Amino acid sequence: MIYLDNAATTRTVPEVVEAMLPYFSEFYGNPSSIYEIAGKSKEAITKGRESIANVLGAKKEEIYFTAGGSEADNWALKAAFEAYKAKGNHIITTKIEHHAILHTCEYLEKERGARITYLDVDENGIVKLDDLLKAITPETILISVMFANNEIGSIQPIKEIGQIAKEHNILFHTDAVQAFGQVPINVDELQIDMLSSSGHKINGPKGIGFLYIRKGVKIRSFVHGGAQERKRRAGTENVPGIVGYGVAASRAAASMAERTAKEIELRDYMIGRLLKEVPHCRLNGDAKKRLPNNVNISFQFIEGESLLIMLDMEGIAASSGSACTSGSLDPSHVLLAIGLPHEIAHGSLRMTLGEETTKEDIDFTIEKIKGIVERLRSMSPLYEDYMRKHNQ
């Protein structure tokens, strides 16, 4: 199998699994207990928290573990709204956020009386800073803009957004699920107040994430019960998951420069060949300001689902967009937001490379795509009609 869907999830690497295993069966004590075996679990949590904080340039006390990125996004928005609603009820986000943000905003709007502004993006999926400035009102309490888009890979001007938020005394949250471990992030330099991430995107385990909350941000508890996570998220900690996430985060940071340089080289090689060798296709997202491993191409006159199925039959795993919406027949909200018509948005393919991806994998995939696209177009009445008109 050639696996090109690393934005959906990554393989948990052996060294992460190995680090986790003792905390299932050997050091299995509850970290809240006082005996020695419990102390081992507590130490492991502290070490994992420190490892993640070091990658962000944060303090370990600012890292709060969650069950994943979606929970962290929900926590950031819901708890910030409750904590700051006396100041105002206005939240600014974008039209291309992950559904963990968009659906939470819908809930806050319908059930809690929030007022949400959904910013447009340009044709490359980048927020316009002028639009952000115009959207700010005296009631604005939170700006939530994703660090990098999960479908088209475009990286937002996070530093400039953080500066704008700070100048206006507004909280700034970023969903960094796709960016953490892929691009350098320093929360102080970028003036980020809250940041969401998920372990399984960086060769760590599933079911573990974190929310970075800057010291001084008045955020409410998200899960009530015990005193875990400094009384902000109750429930016995996922010790093996935290251990695995800490190892994966340190590993991603240590390998980032070399790994992403290789990914960028392969990414640009793949994009270049596809745009040159397959007619009637286009790149989605910014050509340069994009995640190192992201390739998103729309092929005109075909259905992306058919392309995916036929690639799978060739042993190639890819995606048409977010894994969280793969059961939907509607075209990607991200592709519609950057101005693609429905028929072109439906023909999109997202391929996200990993550290094990080789040039041979890319060449094999390109050749298969070329053949499949040609075959699908040969069965398309729309393509036949298009070619007949252009050959007259």
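S.K.: Explanation requested: the environment of leucine 129 in the structure shown.
M.R.: Relative to the elements of secondary structure, leucine 129 occurs in helix H6 (residues 129–135). Residue leucine 129 is classed as partly exposed on the basis of its relative accessible area, which comes to 25%. When the C-alpha positions of leucine 129 and methionine 270 are compared, they lie 31 Å apart, and in sequence the two are 141 residues distant.

S.K.: Whenever I open this one, the nonpolar core confuses me. Can you help?
M.R.: Within soluble globular proteins, side chains that are nonpolar generally end up buried alongside one another. Of all hydrophobic cores here, the largest spans 61 residues; its most connected members are Leu56, Ile143, Phe147, Ile185, Ile192 and Phe210. Beyond its immediate sequence surroundings of up to four residues, leucine 56 is in contact with Ile63, Phe180, Ile185, Asn186, Val187, Leu195, Phe210 and Tyr212.

S.K.: Hey, could you run me through a nonpolar patch on the surface in this one?
M.R.: The grouping of Val17, Leu21 and Phe24 at the surface amounts to a nonpolar patch, some 280 Å² of accessible area in total. One can find valine 17 in helix H1 (residues 14–20). On the accessibility criterion, valine 17 (33% relative accessible area) is partly exposed.

S.K.: In this structure, what is going on with the side chain of threonine 174? I would like to understand it.
M.R.: Here threonine 174 is to be found in strand E6 (residues 171–175). Judged by relative accessible area, threonine 174 falls into the buried class, the value being 0%. Excluding residues that lie within four positions of it along the chain, threonine 174 makes contacts with Val145, Met146, Phe147, Ile158, Ile192, Met194, Leu195 and Ser196.

S.K.: Quick question: what am I supposed to make of helix H14 (residues 359–378) here?
M.R.: Note that an α-helix has 3.6 residues per turn; residues three or four places apart therefore point the same way. Counted at 1.5 Å a residue, the expected span for H14 with its 20 residues is 28 Å, and the 29 Å between its end C-alpha atoms agrees. By the burial criterion, the buried members of H14 are Ile362, Thr365, Ile366, Ile369, Ile372, Val373, Leu376 and Arg377. End-on view of H14: buried residues confined to an arc of 145 degrees, all on one side of the axis. Among the exposed residues of H14, those oriented more than 90 degrees off its buried face are Glu360, Glu374, Arg375 and Ser378.

S.K.: Sorry if this is basic, but what is going on with the pairing of strand E5 (residues 140–144) here?
M.R.: In terms of burial, E5 is largely enclosed, as five of its five residues are buried. Summarising the sheet, strand E3 (residues 90–94) and E5 pair through three bridges and their orientation is parallel. When the bridges of E5 are listed, isoleucine 92 appears paired with isoleucine 143. Taken together, the three bridges between E5 and E6 define a ladder with parallel strand orientation. Counterpart to leucine 142 in the pairing with E6 is leucine 171. The parallel pair E5 and E6, bridged by helix H7 (residues 158–167), forms a crossover whose chirality is right-handed.

S.K.: Please clarify how the sheet that holds strand E10 (residues 294–299) should be interpreted in this entry.
M.R.: Here we have three strands laid out as an open sheet, ordered E9-E10-E12, and antiparallel in their pairing. Of all the strands in the sheet, the pair left with one neighbour each is strand E9 (281–283) and strand E12 (348–352). Adjacent strand axes in the sheet meet at a mean angle of 25 degrees when their direction is disregarded. With three bridges joining them, E9 and E10 adopt antiparallel strand pairing. Across the sheet, the residue bridging to leucine 283 is isoleucine 297, located in E10. The sheet strands contacting helix H10 (residues 239–277) are E9, E10 and E12, and the helix crosses E10 at an angle near 10 degrees.

Rules behind the numbers
- Residues numbered from 1 in each chain as written.
- Predicted model: local features only at pLDDT ≥ 70, side-chain atom pairs only at ≥ 80, totals over all residues.
- Heavy atoms only, no water.
- Helix = DSSP H or I, 4+ residues; strand = E, 2+ residues; numbered from the N terminus.
- Buried < 20%, exposed > 50% of the residue type's maximum accessible area, 1.4 Å probe, protein only.
- Core = buried A, V, L, I, M, F, W, Y, C linked by side-chain atoms within 4.5 Å.
- Contact = heavy atoms within 4.5 Å.
- Patch = residues over 30% accessible without salt bridge, like charges linked within 9 Å, V, L, I, M, F, W, Y side chains within 5 Å.
- Areas by Shrake-Rupley, 256 points an atom, 1.4 Å probe, with all protein chains shown as cover.
- Salt bridge = Lys/Arg side-chain N within 4 Å of Asp/Glu carboxyl O.
- Expected span 1.5 Å × (residues − 1).
- Arc of directions from axis to C-beta.
- Pairing = 2+ DSSP bridges.
- Right-handed = clockwise from strand over helix to strand, strands pointing away.
- Axes fitted to C-alpha atoms, helices over the stretch in contact; angles between N-to-C directions.

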